[in-house]
Amino acid sequence: METKTVRTFCRVCEPACGLVAEVTGEKLVRLTPDREHPISRGFACHKGLFGVDIHHDPDRVNHPLRRNARGEFVRVGWDDAIGEIAARLTDVRTRHGPDAIAGYLGNPGEYNALLPEAWYAFFAQLGASRVFNVNTQDCSNKFAAAEAVYGSVTIQPIPDFEHTDLLLLLGENPKVSQMSFASLPDAMGTLQRIVSRGGRVVFVNPRRVESAKALGEWLPIQPDTDVYFLAGLLCELERQGCFDEAILAAHGRHVEELRTFVRQYPPARVSAVTGIPVATFEALATAIGRARGAAIHMSTGVNMGRQGTLAYWLLQMVSFVTGNLDRRGGNVLSVGYYTRRARAGRAPADGAQFMESRFGQLRRPRLPIFPLPGNLLPDLLADRESPIRALIVCAGNPLLSLGGEERLRACLPDLELLVSIDLYRNATGEYAHFVLPATDAFEREDINQLGLGMQARPNVQFTPAVVAPQFERRHERFILHAIARAMGLSVADDAPGAHPWSKFEHMLRSRGLSLDELRARGTVDLGPHAYGRFHDDHLQTADGRVDCCPSAFAAALTRLATEFHARASEPAGTLRLISKREARMMNSWYANVARLKTRAFADNPLHMHPADAAARGLADGARACIRNVHGEIEATIRHDADLVPGVVAMMHGWGQQQTHGMHVAQATPGVNCNRLLPTGPGSFDPLSGQAHMTGIPVEVAARMSG
Ligand SMILES: Nc1nc2c(c(=O)[nH]1)N[C@H]1C(S)=C(S)[C@@H](COP(=O)(O)OP(=O)(O)OC[C@H]3O[C@@H](n4cnc5c(=O)[nH]c(N)nc54)[C@H](O)[C@@H]3O)O[C@H]1N2
Ligand SMILES: Nc1nc2c(c(=O)[nH]1)N[C@H]1C(S)=C(S)[C@@H](COP(=O)(O)OP(=O)(O)OC[C@H]3O[C@@H](n4cnc5c(=O)[nH]c(N)nc54)[C@H](O)[C@@H]3O)O[C@H]1N2
Ligand code: SF4
Ligand SMILES: [Mo]
């Protein structure tokens, strides 16, 4: 049989590494890194390469499934599935109104260029506003802070990796996770070049992570205290005269308010809470002041704290006030294939972005960027006044990826309709009335869209479908449109002259490109960053200045002060839980890849400092009970001297005991640490909706036998 190769790219995480797919006949047989790819140059991690296992996994959902009265999933035809789903949605909408229908779009949905547009259009057509997505588990704090400081959610400056002398990385572990909100293939290779040319890379983290062991320096910090660290650093930078007064005068607003704020958190005051010595603040400020270009970046470890929005604001301030924003070697705005000057529009007027609700203050939903907080999903499912009665989950697994598993398990069975559009019958899908088979990345055309505006080297690439959709798998856009048509809703793609790629055609035109050209060229390298254009061309605030102390944060600053007092007076010995990603897992969905689930990776133990373990009589390998006010789990203890004492760490996305549709995952189930996370009102950052998922107080004790 004839073997051909197709150049494509990975859609698992942000760098979108180039892959070469080997296709024999109509079968995808192998994926290898694309050595000729102009951006990734032969880099790919094993998650990308094991995409072939996902493609052929015998547990993939290949036909529409319907759950019968006995709870068994049986195969149905597409027409029957679509017809019945449309009828039930119509019925729910007629009886209870559009807000009885809700949606949840998971993380892989964002790596699928034609999906999100169809998804949000579907709910807009329905008139349904309760649409959730993973932003509030991942990054909505960054959107909220960027909008307040720079006037647009899309302004997310990234480190100028190739020129920086000093790079501070807070709450991220690129060796394992390849970075987020900074898209670069082979992140570790890039960081190594910084060190090799005599620069410094500093990992601010409660764990001496794999990345810090491989290169650079580790600056240990107490979980969920980064906002105080950044305030202390700014205070010290000002004291040392590192504020660039000319830049502040030319481009800053509310500068005095910023100074007043940071002076309340001098290093001497925040040192105990953060665990960072005063001398370290001093040395770091001096180093930033002296660097020709200093850059700073943070990721999920800080996003998921209680103060993710404020932390990201202060992180931007470290860059801006020291003159490192838009400077060579500092932080730069990556202009991708859409110049997006007007893309997101300006920020709403102060105050208009928030609303009072029965669940306390919320950010007013503005899709797709600001959905309702995922942590309110169980509350809205079980709501007395106006419950969600039909839920469509696409490319997501909220049962395991959010806090509140037990609350979700209690209310999912009450839904009149649950539809899961996925590759697998995942843990959430077990409760579905219908599981609909989606195509995977190798069965669809695509453009890399997620990294737009955050790429270390701006580029755009197109991939054809490597193989035709196998079995009865269908693209999500096709599925959503079929349901919409069956409900009598209009579908944009049906309009005369409409084309699924028209949005991208429009975006590409802003860089003088077209889809045809992209199809022919595969990947287009958009060239290096242009420095010095930020304030004139990109900043979106109404007065054209960077807001150094947004008034929308006033109430949050008061809460910050209260929480600081609480934290500072906390009894010694409180254990705090953080998350720990692993190279072999991708959130919850690589759980079924047998070749990655070897014996050493068949479980997700609780990592604990040996001293903390000894204090509790817990040997390495012992079983322990971990509990707090939110829940209780049992896990195996793994001694780990790389943790700051008092910190325990566990990988999320496990706890697959009841995932009957994924046999490897079920045989190696692990434990869902998210049972220990807060859920419901008060469990998220009111500025952004971002869930509070790190630095969670827990107690750990030996498991009582019997
Ligand atoms: N192999 C693999 N790769 C992945 C994923 C995966 O599941 N597996 N997931 C992908 C996704 S969806 C995302 S969003 C990205 C995420 O990419 P990253 O944000 O880099 O994710 P993590 O590796 O979890 O790193 C978070 C780090 O924060 C630290 N941390 C925890 N709490 C705190 C704190 O309070 N303060 C500070 N300073 N640090 C803290 C943790 O020790 C951890 O090292 O990774 C992507 N890549
Ligand atoms: N404690 C803790 N919890 C966390 C995190 C953490 O660090 N700590 N990280 C959070 C983060 S950053 C994220 S992004 C969320 C992720 O939260 P979710 O997106 O809810 O969960 P995933 O496990 O990524 O599930 C993705 C699902 O999409 C399916 N899928 C994969 N590809 C496709 C596709 O092409 N089409 C369709 N239709 N389906 C597909 C997979 O089979 C899987 O079932 O989890 C969050 N939860
Ligand atoms: S780093 Fe991310 S994009 Fe690159 S191959 Fe691995 S999973 Fe795919
Ligand atoms: Mo994520």
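To be clear, the structure that these remarks concern was listed above.
A quick note: this is a predicted structure, and the numbers were derived from the prediction, not measured.

The rules behind the values
- Residues numbered from 1 in each chain as written.
- Chains lettered and ligands numbered in written order.
- Predicted model: local features only at pLDDT ≥ 70, side-chain atom pairs only at ≥ 80, totals over all residues.
- Heavy atoms only, no water.
- Helix = DSSP H or I, 4+ residues; strand = E, 2+ residues; numbered from the N terminus.
- Contact = heavy atoms within 4.5 Å.
- Areas by Shrake-Rupley, 256 points an atom, 1.4 Å probe, with all protein chains shown as cover.
- Near = heavy atom within 4 Å.
- Polar contact = N/O pair within 3.5 Å; in protein donor to acceptor, adjacent residues only side chain to side chain.
- Nonpolar A, V, L, I, M, F, W, Y, C, P; charged D, E, K, R; others polar.
- Phe/Tyr/Trp six-rings, centres within 6.5 Å; stacked < 30°, edge-to-face > 60°.
- Buried < 20%, exposed > 50% of the residue type's maximum accessible area, 1.4 Å probe, protein only.
- Core = buried A, V, L, I, M, F, W, Y, C linked by side-chain atoms within 4.5 Å.
- Pairing = 2+ DSSP bridges.
- Axes fitted to C-alpha atoms, helices over the stretch in contact; angles between N-to-C directions.
- Parallel < 35°, antiparallel > 145°, perpendicular 65-115°, else oblique.
- Left-handed = near helix turned anticlockwise from the far one by under 90°.
- Expected span 1.5 Å × (residues − 1).
- Salt bridge = Lys/Arg side-chain N within 4 Å of Asp/Glu carboxyl O.

A. Structural detail: the overall build of the chain. Each helix and strand in the chain was counted, giving 26 helices and 29 strands. Principal-axis analysis of the C-alpha atoms places the extent of the chain at approximately 70 × 70 × 55 Å. Intrachain contacts of the chain at a sequence separation of at least 6 include 74% that bridge at least 24 residues. Accessible area of the chain: about 25,600 Å², with a carbon and sulfur share of 52%.

B. Representation of the site of ligand 1. What surrounds ligand 1 is a group of 31 residues, the closest being Ser177, Asp224, Ser299, Thr300 and Met585. Residue Gly301 places a main-chain N or O atom 3.4 Å away from an oxygen atom belonging to ligand 1. In the model, a nitrogen atom of ligand 1 is placed 2.7 Å from a nitrogen or oxygen of the Thr694 side chain. Elements with a contribution of two residues or more to the shell around ligand 1: α7 (174-177), β10 (200-205), α15 (300-303) and β24 (575-579). A per-element tally of the shell around ligand 1 places α15 first, with three residues. Of the residues assigned to the shell around ligand 1, the class counts are eleven nonpolar, twelve polar and eight charged.

C. Geometry of the packing of aromatic side chains. In the structure shown here, the tally under the stated rule is 14 aromatic pairs. Between Trp119 and Phe123, the aromatic rings sit 4.7 Å apart at their centres with planes inclined by 65°, giving edge-to-face as the arrangement. Of this pair, Trp119 and Phe123 both sit in helix α4 (residues 115-126), separated by four residues, roughly a single helical turn. In this structure, Trp119 and Phe123 share a single accessibility class: buried. Judged by centre distance (5.2 Å) and plane angle (85°), the rings of Phe122 and Phe123 are edge-to-face. A relative accessible area of 3% places Phe122 in the buried class.

D. Examining the site of ligand 3 more closely. Around ligand 3, the neighbouring residues are Cys10, Val12, Cys13, Pro15, Ala16, Cys17, Ala44, Cys45, Lys47, Gly48 and Gln178. For the shell around ligand 3, a count of residues per class yields eight nonpolar, two polar and one charged.

E. Highlighting the nonpolar core. Ranked by internal contacts, the top residues of the largest apolar core, which has 69 residues, are Leu89, Trp119, Phe122 and Tyr590. Apart from residues no more than four positions distant in its own chain, Phe122 is found in contact with Leu89, Ile392, Leu480, Ile483, Ala484, Met487 and Leu489. Residues Tyr228, Phe229, Ala294 and Leu560 belong to the second largest nonpolar core, which totals 67 residues.

F. Structural detail: unusual backbone geometry. For the bond from Leu367 to Pro368, the omega torsion is 0°, close enough to zero to count as cis. Among the structural elements, Pro368 can be located in the loop between β16 (360-363) and α17 (377-381). The phi torsion at Arg41 lies on the positive side, around 45°, for a residue other than glycine. Checked against the element boundaries, Arg41 lands in the loop between β3 (27-33) and α1 (46-49).

G. The sheet that holds strand β22 (residues 523-525), seen in detail. With antiparallel pairing, three strands are arranged side by side in an open sheet as β20-β21-β22. The two strands at the open ends of the sheet, each matched to only one other strand, are β20 (446-447) and β22. Sheet analysis places strand β21 (residues 459-463) next to β22, joined by three bridges and oriented antiparallel. For Val460, the partnering residue across the bridge sits in β22 and is Val524.

H. Structural detail: helix α13 (residues 267-274). For α13, every residue scored as buried is listed here: Pro267, Val270, Ser271, Val273 and Thr274. Of the surrounding elements, those touching the buried residues of α13 are β11 (217-220), α10 (226-239), α14 (278-290) and α24 (554-568). Positioned one or two residues after α13, Gly275 has a phi angle of 80°, which is positive.

I. Representation of the packing of α4 against helix α20 (residues 476-486) within the structure. Remark: α4 packs on α20, axes separated minimally by 9 Å, with the N-to-C direction vectors making an angle of 20°. Classified by the angle their axes make, α4 and α20 are roughly parallel. In this structure, α4 meets α20 at a crossing whose hand is left-handed. Side by side, α4 and α20 meet where Leu115, Glu117, Ala118, Trp119 and Phe122 of the first sit next to Glu476, Arg477, Leu480, His481, Ile483 and Ala484 of the second. Taken together, the residues of the contact of α4 with α20 sort by class into seven nonpolar, one polar and three charged.

J. Main features of helix α16 (residues 308-321). Its 14 residues give α16 an end-to-end C-alpha distance of 20 Å, which sits within 8% of 20 Å, the value for a rise of 1.5 Å per residue. Burial analysis of α16 places 14 of its 14 residues in the buried class, the great majority of the element. Backbone geometry just after α16 places Gly323 at a positive phi near 75°.

K. Just the sheet that holds strand β25 (residues 606-608), in detail. Strand order in the closed barrel formed by six strands is β24-β28-β25-β27-β26-β29, with mixed pairing between adjacent strands. Averaged over all pairs of adjacent strands, the angle between their axes in this sheet comes to 45°, without regard to strand direction. Inspection of the sheet shows β24 paired to strand β28 (residues 647-650) by four bridges, in the parallel sense. Its bridge partner being in β28, Leu577 is matched across the sheet by Val648.

L. Examining the pairing of β3 more closely. Both strand β2 (residues 18-24) and β3 contribute to a ladder of six bridges, which runs antiparallel. Within β3, the position partnered with Ala21 by the bridge is Leu31. Connecting the antiparallel pair β2 and β3 is a turn made up of two residues, with Gly25 showing a positive phi of about 65°.

M. Molecular detail of the environment of Ile696. By secondary structure assignment, the location of Ile696 is in strand β29 (residues 696-702). Once the C-alpha coordinates of Ile696 and Met188 are considered, the two residues, 508 residues apart in sequence, prove to be 29 Å apart. When sequence neighbours within four positions are dropped, the list of residues in contact with Ile696 reads Leu575, Arg576, Leu577, Asn628, Leu676, Leu677 and Pro678.

N. Inspection of the environment of Pro681 at higher detail. Residue position: Pro681 is located in the loop between α26 (663-667) and β29. With relative accessibility at 43%, the residue Pro681 sits in the partly exposed group. Residues Pro681 and Gln461, 220 residues apart in the sequence, show an inter-C-alpha distance of 41 Å. In this view, Pro681 contacts Phe359, Leu376 and Asp379; residues no more than four positions away in its chain are not counted.

O. View of the pattern of salt bridges. All told, the structure shown has 50 salt bridges when counted by the stated rule. Taking the shortest distance from any N to any O, the salt bridge between Asp640 and Arg207 comes out at 3.9 Å. A residue pair is termed long-range when its members are at least 10 positions apart, and Asp640 in the loop between β27 (632-639) and β28 and Arg207 in the loop between β10 and α9 (210-214) qualify at 433 residues. You can call Asp640 buried: its relative accessible area is 8%. For Glu385, the salt bridge goes to Arg358, with nearest N and O atoms at 3.5 Å.

P. Up close: the side chain of Asp547. With respect to the helices, strands and loops of the structure, Asp547 is situated in strand β23 (residues 546-547). Classification of Asp547 as buried rests on a relative accessible area of 5%. Side chain to side chain, Asp547 and Arg253 meet in a polar contact 3.1 Å long. The residues touching Asp547, leaving out its near neighbours within four places in the chain, are Ala148, Val149, Arg253, His254, Trp313 and Met317.

The quantities given are spatial measurements derived from coordinates; they are silent on function.
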